[in-house]
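A look at the structure
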Amino acid sequence: MAVKEVDSITGQETTGHEWDGIKELNRPLPMWWLYTFYATIVISVILWVLYPAIPWINGHTNGILGYNQRASLDKVMEEANAAQAQYITRISQAPSLAAIQADPDLLNFAQAGGRAVFNENCAACHGLGGSGRPGGFPTLADDDWLWGGKLDDIAQTVHHGIRNADPDSRQSVMPNFGTDQILTAEQIGDVAEYVLSLSSRSTDAAAADRGKTVFADNCASCHGDDGQGKAEFGAPNLADAIWLHGDGSKLAIVAQVTKPRMGVMPAWDGRLSEANQRMVTIYVHSLGGGQ
Ligand code: HEC
Ligand code: HEC
């Protein structure tokens, strides 16, 4: 045992080490720090024993608790899916769309699910929130409907689509009045002038008057006597300010009558599950224009 030496300046004990006349003071670690350090070592050993810890050549030590993060994630997912599955089953088995709407719980779920289905499958053509896109993709958030805005109308459109190969798809097409020479260029000019007059925009009363007869003979069967449209033919209202093809100018109307453009929409039967089609139908109906 070396005799303890005390440094005269600080009054502290030294370790007895000395370099070039400089002596090292003995400053031990504080006890609280040391015991915390030992405790962490003990805790880490306990954790190694309880939980998966040490990498091995094939895998790792498993720990005696058998804990597994992936298994607990699977369990959480399973519970979430089971909760959803219950709603999905109730939605696909509900006797009608109206019955889903009448149940606040189901309605909530259907609207949220329908929005997700819509964003993924429909927004590319119809815009986010059904705001529509130029070039014949109608707004679904207003009360101007080509094929009807009741739940069952929308469901029919969604399930079977428009002008596609599905046997139950919506089919009516407007004749090529110009290119198939059903009407002369003058008659088309006159009927376009009459269509303008339906929204008080005609500048040639005589032409509009001649066009009125052309309209009654060729157009009213689909577009209605006053051009207000007929949902059974998907024929738009021609008397309002909403236009599917073009801007509603005389040029656009003449172009449509001469060689009509006809919108096409895919059928969703076979592409979306029954529950997803029902949810997206209810979502579209809820966008503001549902009848
Ligand atoms: C490839 C483009 C495209 C996609 C994708 C699409 N649609 Fe359409 N949709 C159209 C077109 C074009 C029309 C208008 C057809 C016409 O001129 O009659 C239409 C019309 C409709 C109508 C009738 C609107 C009315 O005024 O009567 C509804 C409802 C509708 N779509 C819902 C949907 C839903 C819901 C989805 C997604 C599941 C969807 N569409 C996906 C192109 C599309
Ligand atoms: C067989 C039914 C049918 C007949 C007959 C018919 N149309 Fe149409 N018309 C339609 C349909 C359906 C559309 C919608 C096209 C689409 O959905 O893409 C349409 C669209 C239009 C549009 C474009 C409307 C818009 O919002 O952009 C105009 C204009 C129009 N028709 C005028 C006429 C005129 C004028 C006649 C008579 C000379 C006529 N149509 C005869 C079915 C018809």
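The structure displayed is predicted, hence computed values, not measured ones.

Looking now at the overall build of the protein. Each helix and strand in the protein was counted, giving 11 helices and four strands. For a compact globule of 291 residues, the expected C-alpha radius of gyration is about 19 Å, and the protein comes in at 38 Å, more than 25% above that figure. For the protein, the spread of C-alpha atoms along the three principal axes comes to 130 × 50 × 40 Å. For the protein, with 291 residues in total, the buried portion stands at 31%.

Among the 26 residues in the neighbourhood of ligand 1, the closest are listed as Cys122, Cys125, His126, Leu146 and Met265. At 2.7 Å, a backbone N or O of Leu146 approaches an oxygen atom of ligand 1. Here an oxygen atom of ligand 1 and a side-chain polar atom of Arg163 are 3.4 Å apart. The element that contributes the greatest number of residues to the shell around ligand 1 is helix 6 (residues 151–160), accounting for three residues. Partitioned by chemical class, the residues of the shell around ligand 1 number 18 nonpolar, six polar and two charged.

Quick look at the coordination of the iron atom of ligand 1 now. The coordination sphere of the iron atom of ligand 1, as far as protein atoms go, consists of His126 (NE2) and Met265 (SD), spread over 2.0 Å. Between the six donor atoms coordinating the iron atom of ligand 1, the angles at the centre fall across 86 to 179 degrees, so the site counts as octahedral. Highlighted residues: His126 in helix 5 (residues 123–126) and Met265 in the loop between helix 10 (250–258) and helix 11 (274–285), separated in sequence by 139 residues. Across the pair, Met265 and His126 agree in class, each one buried.

What follows covers the layout of surface pockets. Space inside the second largest pocket adds up to approximately 180 Å³. Across the lining of the second largest pocket, the residue classes break down as eight nonpolar, four polar and three charged. There are two domains that each give the lining of the second largest pocket at least three residues, and those are domain 2 (73–168 + 265–285) and domain 3 (185–258).

Turning our attention to the coordination of the iron atom of ligand 2. For the iron atom of ligand 2, the protein coordination sphere consists of Met174 (SD) and His223 (NE2), at 2.0 to 2.2 Å. The site at the iron atom of ligand 2 holds six donor atoms, and with the angles between them running 88 to 179 degrees, its shape is octahedral. Note that Met174 is positioned in the loop between helix 6 and helix 7 (185–198) and His223 in helix 9 (residues 220–223), a separation of 49 residues in sequence. In terms of burial, Met174 and His223 fall into one category: buried.

When the UniProt feature table is mapped onto this chain, "binding site: heme c 2" (unreviewed entry) is found at Met174, Cys219, Cys222 and His223. Maximum C-alpha separation among the annotated residues is 10.1 Å over a sequence range of 50 residues, consistent with a single clustered spot. With near-sequence residues (within four places) excluded, Met174 lies in contact with His223, Gln256, Val257, Pro260 and Met262. In this fold, Cys219 is placed in the loop between helix 8 (205–218) and helix 9.

We now examine the packing of aromatic side chains. Two aromatic rings, taken as a pair, are described by how far apart their centres are and by the angle between their planes. Under the criterion given, the structure shown has seven aromatic pairs. Centre to centre, the rings of Phe37 and Tyr38 are 6.2 Å apart; their planes meet at 45 degrees, and the pair counts as tilted. Judged by its relative accessible area of 43%, Tyr38 is partly exposed. With a centroid separation of 4.6 Å and an interplanar angle of 10 degrees, the aromatic rings of Tyr87 and Phe109 are classed as stacked. Here Phe109 lies in helix 4 (residues 104–121) and Tyr87 lies in helix 2 (residues 69–93), a separation of 22 residues in the sequence. Three or more aromatic residues joined by ring pairs make a cluster, and in this case those are Trp33, Tyr35, Phe37 and Tyr38. Its guanidinium or amino end placed over the ring of Trp268, Arg271 lies 5.8 Å from that ring's centre, counting from NZ or CZ.

Conventions used here
- Residues numbered from 1 in each chain as written.
- Chains lettered and ligands numbered in written order.
- Predicted model: local features only at pLDDT ≥ 70, side-chain atom pairs only at ≥ 80, totals over all residues.
- Heavy atoms only, no water.
- Helix = DSSP H or I, 4+ residues; strand = E, 2+ residues; numbered from the N terminus.
- Rg over C-alpha atoms; globule rule 2.2 N^0.38 Å.
- Buried < 20%, exposed > 50% of the residue type's maximum accessible area, 1.4 Å probe, protein only.
- Near = heavy atom within 4 Å.
- Polar contact = N/O pair within 3.5 Å; in protein donor to acceptor, adjacent residues only side chain to side chain.
- Nonpolar A, V, L, I, M, F, W, Y, C, P; charged D, E, K, R; others polar.
- Donors = N, O, S within 2.8 Å, 3.2 Å for Na, K, Ca; no water.
- Tetrahedral: all angles 85-135°; square planar, octahedral: opposite > 155°, others 65-115°.
- 1 Å grid on protein atoms, 1.4 Å probe; cavity = no way out; pocket = protein on both sides within 12 Å on 5 of 7 lines; lining within 4 Å.
- Points joined across faces, edges and corners; volume = space filled by probe spheres on them.
- Domains from an automatic or database assignment.
- UniProt positions renumbered as here; feature names shortened; annotations may be inferred.
- Contact = heavy atoms within 4.5 Å.
- Phe/Tyr/Trp six-rings, centres within 6.5 Å; stacked < 30°, edge-to-face > 60°.
- Lys NZ or Arg CZ within 6 Å of the ring centre and 35° of its normal.

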